[in-house]
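Architecture at a glance
Okay, here's what each chain looks like letter by letter:
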Amino acid sequence: MNLASLNINLYSLLPLLMVVGLALFVLVLDFFIPKGGKRALGYIAALGLVCILPFVPMFIETVPSYGGFVIADTYSAFFNVVFLVSSAFAIFISIDYLRRINSESGEYYYIMLFATAGMMIMASANDLISLYVGVELMSMSFYILVALRSGSGKSAEGALKYFVLGAMSSGILLYGISFAYGFSGTTNINEMAAIVYRLPDNNTYLYLALSLIGAGFAFKIAAFPFHVWSPDAYEGAPTPVTALLSVGSKAAAFAVFLRVFAVALPAFHGQWSNMLWAISAATMIFGSVAAIPQKNIIRMLAYSSIAHAGVILMGVVVNSSAGASSVLYYSLVYAFMNIGAFTVAAMASRADGGGPELSDLRGLASRRPWLAFFMALFMVSLAGIPPTAGFMAKFFVLASAVHAGYYWLAVIAVLATAIALFFYARVIFYMYMQDYEGAELPERSLFTCFTYGVVLVLTAIGTLVLGVYPSAIMDIAVSAVGPLFLI
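All of the points below concern the structure found in this document. Computed from a predicted model, the values in this text were never measured in an experiment.

1. A short note on empty space enclosed by the protein
- Counted by the stated rule, this structure contains four cavities of 30 Å³ or more.
- Space inside the largest cavity adds up to approximately 100 Å³.
- Forming the boundary of the largest cavity are 14 residues, of which S12, P15, A72, N80 and S124 lie nearest the centre.
- The set of elements that each furnish at least two residues to the lining of the largest cavity consists of helix 2 (14-30), helix 4 (74-100) and helix 5 (106-124).
- Counted by class, the lining of the largest cavity contains nine nonpolar, four polar and one charged residues.
- Approximately 70 Å³ is the volume found for the second largest cavity.
- If you go around the second largest cavity, the residues you meet are M284, S288, A307, H308, V311, K394, A416, T417, A420 and Y424.
- The set of elements that each furnish at least two residues to the lining of the second largest cavity consists of helix 12 (269-291), helix 13 (297-318) and helix 18 (407-433).
- Broken down by element, the residue count for the lining of the second largest cavity peaks at four residues, all from helix 18.
- Taken together, the residues of the lining of the second largest cavity break down into six nonpolar, three polar and one charged.

2. Some remarks on the pattern of salt bridges
- Tallied over the full model, the rule gives five salt bridges.
- Between D30 and K38 there is a salt bridge whose closest N-O contact spans 2.5 Å. Residues D30 and K38 agree in their burial class; the two are buried.
- Between K161 and D232 there is a salt bridge, with its nearest N and O atoms 2.6 Å apart. Within this pair, whereas K161 is found in helix 7 (residues 153-184), its partner D232 is found in helix 10 (residues 230-236), the two being separated by 71 residues in sequence.
- The class for K161 is partly exposed, based on a relative accessible area of 31%.
- Ionic contacts of the salt-bridge type, sharing partners, join the residues K161, D232, E235 and R299 into one network.

Thresholds applied
- Note on numbering: residues in each chain are counted from 1, in written sequence order.
- Confidence filtering applies because this is a predicted model: local features only for residues at pLDDT of at least 70, side-chain atom pairs given and counted only at 80 or more, and all residues used for totals across whole chains, interfaces and linings.
- The side-chain values count all of the structure's non-hydrogen atoms but skip hydrogen atoms and water molecules.
- Detection works on a 1 Å grid of protein atoms alone, calling trapped sets that fit a 1.4 Å probe cavities and calling open sets with protein on both sides within 12 Å along at least five of seven lines pockets, with lining residues defined by an atom within 4 Å of a point.
- Grid points are joined across faces, edges and corners, and a volume is the space filled by probe spheres set on the points.
- By the criteria applied, helices consist of DSSP H or I runs no shorter than four residues and strands consist of E runs no shorter than two, each listed in order from the N terminus.
- Side-chain classes follow a simple rule in which Ala, Val, Leu, Ile, Met, Phe, Trp, Tyr, Cys and Pro form the nonpolar group, Asp, Glu, Lys and Arg form the charged group, and the remainder, Gly included, forms the polar group.
- Only one rule defines a salt bridge in this text: a Lys or Arg side-chain nitrogen within 4 Å of an Asp or Glu carboxyl oxygen.
- Using a 1.4 Å probe on the protein chains alone, a residue whose accessible area is under 20% of its type maximum counts as buried, one over 50% counts as exposed, and one in between counts as partly exposed.

Spelled out as structure tokens, the structure:
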């Protein structure tokens, strides 16, 4: 084999290798830090991710490397920024959270880093095999993280459901990959794209691959009816893990959704778009309706996350530069507003680490006005109300759907958004219009409030700035998806 043809290029993997190196460094350092000082590993991991962030746009290679398995293009770089930002925020808010629930451990932080590495592999995958490796690395890490609330039955239950259903979805995905190889003779996404155009419309292997791969990806984004694991896993997991799971894993799944369907299978857009149309519509309606009766904030945000996955999926259905760029923009916006909401939930969580009930937020505006303000801001943004980033994210997705002629899907999205206004507004109503009842929120030291405050301020700034000035990031997103539509 000619090694030159493999294009062995370390630069294309450098950000990923830096994250893996950081994870291994934290792993080794864990042996030398006493039990009471594990929070130092959290600061090292979070600050390490922040230091890696500037290197992501510096190492962009448009040519696939390592035999076509990896491509470090602008598309993967955009998602890598989302992953690093989300992981840094999640690790930062974990430091005090783990101390309060007496679950400080070094493995928590390096497993979070390995989950981040799995997401980065998924975004950079140019082959279905490397894609599957990234999916498994991310999934295995989250299986462990969800179960890390020691002594919690809900944590064990959520982790078990997630593991069993996740293993089944991985098998479905791998089965779909085998059928993709059956009709194309390759697992390389670019090579598959050239072969698909020569296939007849009635190719059985193609339809089986479309259905099974679509189902595998739908599980990762918790789309209906593949969502059943998410409410229990979200509620049982440590709240910072839930924040990263709701943002990072979804963004990674959408990254591969677009890479596979838009690059490898554009010739059969009419077939797979119908399947995703139905999934998107059902996911938006189900997530919005199911969130209404929820009393636990984490479970409410879990169903909210399902509804948002349906909205983002509209951008995949459209299969255009406008639709794909709206997916990227929405993923970044969702990272800011959703992690911000989970940060407030972590601060208001109970002594055992469980998420707060809706009743715990009664009169929060009179007790912690700044905390109520941030939560109200994130709820308004998640609801899609201007001038927040959530409004602009939904606007770009809806505009791309309408421009492509998906009028009914856009109508369903508007109806689902109107339904979702009820449970978002209810949180604000409890904070500002209800009288305080029950136990006071746990006290926080000045330093602890500062660490949480940094995340809240940064996520709030991102939520507002991306809503008022969306053009700069949207231009970057449009440029980032360019390689997908030049194949």
